[in-house]
Amino acid sequence: DVSILYRTTKAKSPKRPFKKKCRRFFCKTCGQRISDMRYLTSVDGGSPNRVFRNPNGFLYEIITLSSCEGLSDTSPPILEETWFQGYPWVVLHCTSCLTHLGWRWENPGRIPTRFFGLIRESLVEKES
């Protein structure tokens, strides 16, 4: 007896490049993409999640990020009442709906030279 073995093979599907899912931040009001979770950064050794009180007594929970998009400056740089020593701040609004989303701090003589502080409750987080 001669046995014949048959080998079945599945047709291989074409390989698709693996796309890693990423958590992103969007404007809660209009859905404009603002940043990615990978840009969360620590400033002055603190957590990327911080709570600050402005001079009018309002509390803001912010997240600090090294890179953002979809934002526009709506004030000149202001050094008074800064939450980060030596860094002037600029008010930022969403370019799409003009919602106040946070601030940018910048000082070319410091490290980091620039970072963003966005109001946590004005953002929505999604995986994409």
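Quick note: structure is the one above.
Summarised in this report is the structure supplied together with it. Owing to the predicted nature of the structure, the values given are computational and were not obtained by experimental measurement. (Residues numbered from 1 in each chain as written. Predicted model: local features only at pLDDT ≥ 70, side-chain atom pairs only at ≥ 80, totals over all residues. Heavy atoms only, no water.)

Some remarks on the environment of Cys-30
Assignment of secondary structure puts Cys-30 in the loop between strand E1 (23-27) and strand E2 (33-36). Residues Cys-30 and Thr-99, spaced 69 residues apart in sequence, show a C-alpha to C-alpha distance of 8.8 Å. Once residues within four sequence positions are removed from consideration, Cys-30 is found in contact with Cys-94, Ser-96 and Cys-97. (Helix = DSSP H or I, 4+ residues; strand = E, 2+ residues; numbered from the N terminus. Contact = heavy atoms within 4.5 Å.)

Considerations on the packing of aromatic side chains
For the structure on display, the rule yields 11 aromatic pairs. Consider the rings of Trp-83 and Trp-105, whose centres lie 6.1 Å apart with planes at 35 degrees: the pair is tilted. Residue Trp-83 is located in the loop between strand E5 (71-73) and strand E6 (89-94), and its partner Trp-105 is located in strand E7 (residues 100-106); the two are separated by 22 residues in the primary sequence. Residue classification places Trp-105 among the buried residues on the basis of a relative accessible area of 1%. (Phe/Tyr/Trp six-rings, centres within 6.5 Å; stacked < 30°, edge-to-face > 60°. Buried < 20%, exposed > 50% of the residue type's maximum accessible area, 1.4 Å probe, protein only.)

Some details on the sheet that holds strand E9 (residues 123-127)
Ordered by their spatial adjacency, 3 strands build an open sheet running E2-E1-E9, and the pairing between neighbours is antiparallel. Strand pairing shows two members of the sheet lacking a second neighbour, E2 and E9, which therefore form its edges. This sheet shows a mean twist of 30 degrees between the axes of neighbouring strands, independent of strand direction. With 3 bridges joining them, E1 and E2 adopt antiparallel strand pairing. Considered in E2, the bridge of Phe-26 is made with Arg-33. (Pairing = 2+ DSSP bridges. Axes fitted to C-alpha atoms, helices over the stretch in contact; angles between N-to-C directions.)

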